[in-house]
Structure formats: structure tokens, C-alpha cells
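What follows is each chain in one-letter form.
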Amino acid sequence: MKIKELFKTKKPVISFEIFPPKFDTPLETIYDSLKQFKDLNPDFISVTYGAGGSQKDRTIEISSKIKNEYDVESMAHLTCVGQSEEEIDLMLDSLQKNGIENILALRGDPPINQPDFDFSKGAFRYASELIRYIKSKSNFCIAAAAYVEGHVDCKRLKEDMAYLKKKVDEGVDFLITQLFFDNRLFYDFLDKAAALNINCPVTPGIMPIFKADQIKRITYLCGASIPAKLVIMMDKYENSPEDLRKAGIEYASTQIRDLIDNGVDGVHLLTMNRPKSSKEILQNVGLI
């Protein structure tokens, strides 16, 4: 099923993001969690791709298992960094053969240990080019990333919104935002998107705080801000991992309650492969 159809019949659409285990870790470690995620009745589950496409084979395998064995709709992340048209064609063909109908099309991060990677040398420099190519070759439902506070590589938010509009115009069916911790930023983003006639569904991406150093690293890399009250919370519980986990779950739950009360199209929970904590959040907001 194409996820764009879900947004026509349900609100909010509830989805999870999971990531493949590292290469030296058996795939069974994520499979052990998949049944627990299925039991939470998400509308779909997305599977990340890895920097430079480093996990692409595992992304396909996990996405296929979610769709074909667990009977949950899946969405595979697909990045174009350093990829040729032939390599993208092989990925699209493999996804189709496995019954995957939904793609999150991204530029992606450079390969690990290549901070000076030249994006212009690949067949696709921007996500908009990848989206156009996929649309010309296939009939996938395509999601794209939106950056509530602007992309870290873009100096001006207005310019970043123009790039987002271009992605949508190339054929995006819905958007999923980068993580944020202040809902007011999201509502302001929606106003800016509406002003540009971006009319497709927009699902906020919510990441619970489980580890302070992890969140600080992720926000540094993606350019998201951390409100003062969250910094205080992380400092308060820095020596108590379980208390920080509980506080992070409550903060995410409060965010999601407010988003649902304000009529969001969906909620995309960045689970960090933690079904137990994801369940607690959904219970807190009355979704299970």
C-alpha cells in the first residue's frame, strides 16, 4: 500500500523509524524487536540507509521482512550520495521485487571518514534530482525530509524552504521533518510551508531523549536546537540513565500530545530501536 493513501483516510498516521544493526551485529537483533514494534500497530515503519549507502542491502532486507512477514507497511530510505544512475536503478529494482512501494528520498550524508566529500561528482547532487529521477523511472510513493530549523548546510531558512518547495514540486507525496524539541518551531514551519503552497501532508519527526551525549551529537550534526529546559533536564539526570530515559519519554509524550491536539497529519517516532520505550510513549498519549 502506498503511504500517501493512509493520509487520506486516517489522522494522525503513526509511524516508526528503525535502523539496521551495525555490520558486526547479526540482523536477528533487530528482528527480535520487530514483533514488539508490530504489536504497537504502527501505520508504517521506515528503515534508514546509513551514511554513503553503507547499509543499503540490510535496509532492503529489513524493509521486506516488515512488509512481507510482519504485514506492516514499510518505507525504505534511499540516499543518492556518491551513487550512479545504474546503482539507483538496481536499488529501485530490488525494492520493487521485494514489494516495497514507499521510499524516503534523501541526499544523504557523505561516506564515513570522508568529511570533504564532493557531492557534485555523483549523478545526483540534491534530493530533488533523485526525486525527479525516481518519478521518471517508477511509480513509488515518495517521501522527503523537511528541516524545521533549516538544513545544516543551508545558511538561510528562506533558501532552505525554496529547496523544499522544489522537492515537493518534483513529485513528493508527503514530508517527514527532522527532529525538533520545541513545537512552536514546527507550527511556524507549517505557516512558512503553506505560504509557499506546499500542500502535501507533513509528519513531525520526534526523537525521545535517551542519552544526553547521543542527543548532543545528533543535534550538532543536524543543526537542531536544544531548549534550555532540556539542557537542564539532561544535566540533572546525567548520572542516572534510567531517570533520563523516563524524563525523555515524558518530554516526547508532551510534545506528541500537543501535536495531536493541534491536528498534525501524523507522528513519526524516531525509536532508536527501542520498542519498550516506544510503547510507553504511545501509552502516555493514549494511542494504545
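In the block above lies the structure referred to throughout.
Residues numbered from 1 in each chain as written. Predicted model: local features only at pLDDT ≥ 70, side-chain atom pairs only at ≥ 80, totals over all residues. Heavy atoms only, no water.

The next subject is the pairing of strand β1 (residues 13-18). Among the six residues of β1, six are classified as buried, and the element is accordingly described as predominantly covered. Residues V13, S15 and E17 line one face of β1 and the alternating positions I14, F16 and I18 line the opposite face, and both faces are buried. Relative to strand β9 (residues 266-270), β1 runs parallel, the two sharing five bridges. Following the sheet pairing, I14 is matched in β9 by V267. A crossover connection joins β1 to the parallel strand β2 (residues 44-47) through helix α2 (residues 28-38); in handedness this β-α-β unit is right-handed. (Buried < 20%, exposed > 50% of the residue type's maximum accessible area, 1.4 Å probe, protein only. Helix = DSSP H or I, 4+ residues; strand = E, 2+ residues; numbered from the N terminus. Pairing = 2+ DSSP bridges. Right-handed = clockwise from strand over helix to strand, strands pointing away.)

Moving on to the sheet that holds strand β6 (residues 174-177). Reading across from one edge, β7-β6-β5-β4-β3-β2-β1-β9-β8 is the order of the nine strands in this open sheet, with parallel pairing throughout. Strands with a single pairing partner mark the edges of an open sheet, and in this sheet they are β7 (202-203) and β8 (205-206). Note: strand β4 (residues 102-106) against strand β5 (residues 141-146), four bridges, orientation parallel. What sits directly across from A105, in β5, is A144. Against the sheet, helix α3 (residues 56-68) makes contact with β1, β2 and β3 (73-79), and its axis sits at roughly 165° relative to β3, the strand it touches most. (Contact = heavy atoms within 4.5 Å. Axes fitted to C-alpha atoms, helices over the stretch in contact; angles between N-to-C directions.)

Once that is clear, we can look at the state of the cysteines. Tallying each qualifying case throughout the model produces zero disulfides. For C141, which is in no disulfide, the shortest distance to another cysteine sulfur is to C200 and amounts to 10 Å. Cysteine C222 shares no disulfide, and the gap to the nearest cysteine sulfur, in C154, comes to 15 Å. (Disulfide = S-S within 2.5 Å.)

Put simply, helix α9 (residues 228-236) and helix α10 (residues 241-261) touch, their axes get as near as 10 Å, and they point 160° apart. With respect to α10, the element α9 is oriented roughly antiparallel. The element α9 and its partner α10 pack so that their crossing is right-handed. Within the contact between the two elements, α9 uses K229, L230, M233 and M234 and α10 uses L244, A247, G248 and Y251. (Parallel < 35°, antiparallel > 145°, perpendicular 65-115°, else oblique. Left-handed = near helix turned anticlockwise from the far one by under 90°.)

Attention now moves to a negative patch on the surface. A contiguous patch of negative charge on the surface is contributed by E28, D32, D57 and E61. Taken together, the elements giving at least two residues each to the negative patch come down to α2 and α3. You can see E28 is positioned in helix α2. Of the residues examined, E28 reaches a relative accessible area of 48% and is grouped as partly exposed. (Patch = residues over 30% accessible without salt bridge, like charges linked within 9 Å, V, L, I, M, F, W, Y side chains within 5 Å. Areas by Shrake-Rupley, 256 points an atom, 1.4 Å probe, with all protein chains shown as cover. Salt bridge = Lys/Arg side-chain N within 4 Å of Asp/Glu carboxyl O. Lys, Arg positive; Asp, Glu negative; His and termini not counted. Charge placed at Lys NZ, Arg CZ, Asp CG, Glu CD.)

It is worth spelling out the pattern of salt bridges at this point. In the structure shown here, the tally under the stated rule is 19 salt bridges. With a closest N to O distance of 2.7 Å, D43 and K10 form a salt bridge. Of this pair, D43 sits in the loop between α2 and β2 while K10 sits in the loop between α1 (3-9) and β1, and the two are 33 residues apart along the sequence. For the salt bridge of R184 with D182, the shortest nitrogen-to-oxygen distance reads 2.9 Å. Take R184: its relative accessible area is 64%, and that puts it in the exposed class. Because the salt bridges share partners, they merge into one network encompassing K4, K135 and D173.

Taken across its five residues, β9 has five buried, putting it largely inside the fold. Side chains of β9 alternate between two faces, with G266, H268 and L270 and V267 and L269 buried alike. In this sheet, β9 lies alongside β8 in parallel orientation, the contact comprising two bridges. Bridge assignment links G205 to a residue of β9, and that residue is H268.

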